[in-house]
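# Coordinates in review
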Amino acid sequence: MKSFESGSKLKHEIINDKNLIKERQGFVCYNSKGDNSKIRCDADSVSGSVSQRACVYCGARVVLNPIADAFHIVHGPIGCASYTWDIRGSLSSGPETYRNSFSTDIRENDVIFGGEKKLAAAIDEIVEKFSPKVIFVYSTCIVGVIGDDVEAVCKQAEIKHSIRVISVKSPGFAGNKSMGYKAACNALIELMEDNNGEEIDGVNFLGDFNLAGEMWIIQDYLKQMGINVVAKITGDGRCEEIKNAPKAKFNIVQCAGSMTYLAKNMESLYRIPYIKVSFFGVEDTKLSLMMIAEATGNKNIVRRAEELIEKMEKELGNKLDFYREKLKGKKAAIYVGGGFKAISLIKQFKDLGMETVMVGTQTGKEDDYEVIRNISDEGTIILDDSNPYELEKFIKEKEADILVGGVKERPLAYKLGVGFCDHNHERKIPLCGFQGALNFAKEIHLTVNSPIWDML
Ligand code: SF4
């Protein structure tokens, strides 16, 4: 892998670009199979770089907010509470408590005299009005600065009201978005109850947030295979399920970036093994279903998984061929949250005959980038924790036809006059499993081949 410093023809061009930040060198490279140097990643954002990453608090919020029957109090200024269900949506099959946003609305006076009393009063008010069973209390930047003892307030509230009030240690400045994932995972562990040696015949599904019904698609596949889901963590999640999660036989981890930490902790605390999966794209869906089936050690389930795959492939037929024909030779740029999604997307584009010319993540790990390097083509731009300038530069340089990303990347793509596919919270059509693969191909085709691009 070549970094900016590695003497390629392009090095000169990039280094001489006065708008690229020197300290970002090493976080961006051209894939070069013959070079074994590693990309820099899993680090705090470079000062001065307008990172596309959200803060620690936001990282924690996106993981916990899909728990549909929990109450979420943002202890901080009202602006932090703007990370609500409305912009970080996920679907629930039942309660909709999580669509409310509660904030302590910290102001100047509280900064001077402390916000603990205000927080305690907010918890009391929610208990009085809504009789909650579980409240998550998120710390934000200012709470970290003034030093409120949020943990103590939560503990006192638990005793006072006999409910769970869990402190989420997520001051925005305390690190990067990955720290927020860890804070959320620690809060989930706090919610879980000891299994006391009991076991439930089933698995936990970690790291799908049910943005457009994906959790239900996978749950249905597992049901057809004869596998029960003990806890959905956290898409369409329920507090009681999560309390029982330590009783499951094993964990299935989809969003490895946010949930590997939880899976590892559950392995050491409760001796629950885990496997990493991805349900994006036909190839990864098939592989994941078989991995899950084999992990049960039950031949009957393996057989049912094979039958399910056969049935789904039959249903899919040659429908993807239409899109392969339309998309052959088109170029894709990817900038998503975690490595697992980026890896699956590269495979999906390859399957559609498209070339991935740029791929990056906000929170990818060294292992993820190793896989990305192996499966992407020579010369593909690989970048970690990028900023709008870099994304713009490489999308233009590589003449991408479409950018796949999240809400913050959408305006960038539109300004550049290239297509955009939301693979995050704003989407309404699921992209996972067999049907999702078809939805994805259709959306990419309709976007990339839209007549609008000829009119700009
Ligand atoms: S926690 Fe800090 S960085 Fe995050 S939204 Fe609030 S003020 Fe901004």
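These figures come from a predicted structure and were not determined experimentally.

### Some remarks on the site of the ligand
In the neighbourhood of the ligand, the contacting residues comprise C55, Y57, C58, G76, C80, T140, C141 and G172. Its residues assigned to classes, the shell around the ligand shows five nonpolar, three polar and no charged.

### As for the sheet that holds strand 8 (residues 229–234)
Taking strand neighbours across the sheet as the criterion, the four strands line up as 8-7-9-10 in an open arrangement whose pairing is parallel. The open sheet is flanked by strand 8 and strand 10 (274–276), the only strands paired with a single partner. Each strand of the sheet is rotated relative to its neighbour by a mean of 20°, with strand direction disregarded. As defined by bridge partners, strand 7 (residues 203–208) adjoins strand 9 (residues 250–253) across four bridges and the pair is classed as parallel. Bridged to V203 within strand 9 is F250.

### Looking at unusual backbone geometry
A negative phi angle characterises most non-glycine residues, just as the trans form characterises most peptide bonds. That bond from I233 to T234 is cis: its omega, 5°, falls within 30 degrees of zero. Assignment of secondary structure puts T234 in strand 8. Located in the positive-phi region is N210, a residue other than glycine, with phi close to 50°. By secondary structure assignment, the location of N210 is in the loop between strand 7 and helix 8 (214–225). Residue classification places N210 among the buried residues on the basis of 24 C-beta atoms within 10 Å.

### A few points about the environment of R427
Within the fold, R427 resides in the loop between strand 15 (419–422) and helix 18 (433–448). The class of R427 is partly exposed, set by 18 C-beta atoms lying within 10 Å. In this structure, the C-alpha to C-alpha distance between R427 and Y274, residues 153 residues apart in sequence, is 28 Å. Setting aside residues up to four positions removed in sequence, R427 forms contacts with L211, A212 and D422.

Each value, and the rule that gives it
- Residues numbered from 1 in each chain as written.
- Predicted model: local features only at pLDDT ≥ 70, side-chain atom pairs only at ≥ 80, totals over all residues.
- Near = placed C-beta within 6 Å.
- Nonpolar A, V, L, I, M, F, W, Y, C, P; charged D, E, K, R; others polar.
- Pairing = 2+ DSSP bridges.
- Helix = DSSP H or I, 4+ residues; strand = E, 2+ residues; numbered from the N terminus.
- Axes fitted to C-alpha atoms, helices over the stretch in contact; angles between N-to-C directions.
- Buried ≥ 20, exposed ≤ 12 C-beta atoms within 10 Å, placed from the backbone.
- Contact = placed C-beta atoms within 7 Å.

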